[in-house]
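Overview (structure and organization)
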Amino acid sequence: MQLTLVVPELVWPEPDDHDSLDGLPCPGLGTLIARSQLSRRPPQSMEATLCDAFGVAENAAYAAFRVLGESHGPTAAEACWLCADPVHLRLHQERLILADGGSLGIELAEAQTIVAELNRHFADVGTFHAATADRWYLQLAGNTDLGRFDVLPLSAVAGRRVGQQLPETPEARWLRQLLNEAQMILHQHPANERREDEGRATINSLWLWGAGELPNGAPGGFTKVWSDNVLARGLSRAFDVPVQAIPGDAGTLLAQATRGSRQLLVLDALQSPVQYEDADAYRAGLLDLEARWFAPLQKALAAGKIQRLRLEASTAYAALTWDSDRRAQWQLWRRPQPLAATAQVLARGEQ
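Some words on the packing of aromatic side chains
- Under the criterion given, the structure shown has 7 aromatic pairs.
- Taken together, a centroid distance of 5.4 Å and an interplanar angle of 70 degrees make the contact between Phe54 and Phe222 edge-to-face. One end of the pair, Phe54, is in helix H3 (residues 46–54); the other, Phe222, is in the loop between strand E8 (205–212) and strand E9 (224–226), and 168 residues separate them in sequence. Phe222 matches Phe54 in its accessibility class, with the two residues each being buried.
- Considering the side-chain rings of Trp81 and Tyr137, the 6.4 Å spacing of their centres and the 90 degrees angle between planes classify their relative orientation as edge-to-face. Of this pair, Trp81 sits in strand E3 (residues 81–92) while Tyr137 sits in strand E6 (residues 136–140); the two residues are 56 residues apart in sequence, bridging distant segments of the chain.
- Joined through ring pairs, the aromatic side chains of Phe54, Phe65, Phe222 and Phe239 make up one cluster.
- The ring of Phe222 carries the charged tip of Arg262 above its face, separated from the ring centre by 4.9 Å.

Encoded structure:
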């Protein structure tokens, strides 16, 4: 059995932040990393890393795949889709800082009333959908061509400074106008007036990203996918790969994995703590992953229960890949290092 493990933001992005990195007992992860072959590519988003795993080309139609992964919401019809996620933008030191919908505590009823208002104003453009309180979509009408739509995924900007929201291309000019009008509608909406009265951050903009249509073809190659991530689930369904919720621990997964299979496991619990610089949540999340996943998977690899393990991590340092097999895990002279030391090595650009 071969296992690809995707863990975005695995390594805390500030190598000199001793409070966040020091004293993290992760011997399983440390051993796995020390006895793997590391390769690195330029930094990229978690979404790009997932699409790479499935063999999907750059600038994938993230929105269309994500729609396909939703448990409730619109049907992934043949259309050009955009993620139109609700966000809060605030000015800080002359730069805009973005908070994503997951941090705003949006209620589904709020989302539905706002989306209904957007649909009243933009009926000729397409249809807005609220699949969940914080995942919204815009299904464009007709054969819309947005050209090269180079917008960072929401995960790459949440909790961070943002610049231009939409590309300065002729094809996207009308969409920039739509966004300006949508921001005015949001500002005046009663749901936002209530949020402001209650001292809560308002939903004052949309992050439009991931434009495109579902592609044809059948890349992928996994036997099974384990994920609660909606994009990973959509990619699985697009290419007819069985997908299941993340089990409780590595033992449960290994008991269900068949011999000779190729499994994909997506663990994204560290993403939000890193985005919002919550060191305590990061440390707690990493220790939980160590106990339930890293330590038992390293032992299973060393014992030959896993033929090959590939660990993919999109981080601030680089898009990192560690590859290992049973023989490598018995190279006892390659001693594990504390995660703080690994962060320093990565910051220096070393292998």
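Examining the packing of helix H5 (residues 108–121) against helix H7 (residues 173–188)
- H7 packs onto H5 with a crossing angle of 135 degrees between their chain directions and a minimal axis gap of 11 Å. In this view, H5 runs oblique relative to H7, as classed from their interaxial angle. When the axes of H5 and H7 are compared, the crossing they make is right-handed. Across from Ile114, Glu117, Leu118 and His121 in H5, the residues of H7 making contact are Ala182, Ile185 and Leu186.
- Residue composition of the contact of H5 with H7, by class: 5 nonpolar, 1 polar and 1 charged.

Some details on the nonpolar core
- Counting residues in hydrophobic clusters, the biggest one holds 69 residues, and the most contacted among them are Leu98, Leu118, Phe128, Leu206, Trp207 and Leu235.
- Formed by 43 residues, the second largest nonpolar core is a distinct cluster that contains Leu3, Val11, Trp322 and Leu339.

Some points on the environment of Ala341
- Residue placement: Ala341 occurs in helix H14 (residues 339–347).
- With 120 residues separating them along the chain, Ala341 and Gly221 place their C-alpha atoms 35 Å apart.

Some words on the pattern of salt bridges
- Inspection of every chain in the model, using the stated rule, returns 13 salt bridges.
- For Arg120, the salt bridge goes to Glu117, with nearest N and O atoms at 2.5 Å. Highlighted residues: Arg120 and Glu117, both in helix H5, separated by 3 residues, approximately one helical turn.

Some details on unusual backbone geometry
- A positive phi angle is found at Asp240, which is not glycine, with a value near 55 degrees.
- With respect to the helices and strands, the residue Asp240 is situated in the loop between helix H9 (230–238) and strand E10 (243–244).
- Not every positive phi belongs to a glycine, and Glu277 is a case in point at roughly 55 degrees.
- Note that Glu277 resides in the loop between helix H11 (271–275) and helix H12 (279–302).

Observations concerning the packing of helix H2 (residues 27–34) against H12
- Two numbers describe how H2 lies on H12: the axes approach to 7 Å, and their chain directions differ by 50 degrees. Here H2 lies oblique to H12, going by the angle between them. The interaxial crossing formed by H2 with H12 has left-handed handedness. Along the contact surface, H2 presents Pro27, Gly28, Leu29, Thr31 and Leu32, while H12 presents Leu286, Glu290, Phe294, Ala295, Gln298 and Leu301.
- Split by residue class, the contact of H2 with H12 holds 7 nonpolar, 3 polar and 1 charged.

Each value, and the rule that gives it
Residues numbered from 1 in each chain as written. Predicted model: local features only at pLDDT ≥ 70, side-chain atom pairs only at ≥ 80, totals over all residues. Heavy atoms only, no water. Phe/Tyr/Trp six-rings, centres within 6.5 Å; stacked < 30°, edge-to-face > 60°. Helix = DSSP H or I, 4+ residues; strand = E, 2+ residues; numbered from the N terminus. Buried < 20%, exposed > 50% of the residue type's maximum accessible area, 1.4 Å probe, protein only. Lys NZ or Arg CZ within 6 Å of the ring centre and 35° of its normal. Axes fitted to C-alpha atoms, helices over the stretch in contact; angles between N-to-C directions. Parallel < 35°, antiparallel > 145°, perpendicular 65-115°, else oblique. Left-handed = near helix turned anticlockwise from the far one by under 90°. Contact = heavy atoms within 4.5 Å. Nonpolar A, V, L, I, M, F, W, Y, C, P; charged D, E, K, R; others polar. Core = buried A, V, L, I, M, F, W, Y, C linked by side-chain atoms within 4.5 Å. Salt bridge = Lys/Arg side-chain N within 4 Å of Asp/Glu carboxyl O.

Shape is all these values report; function is a separate question.
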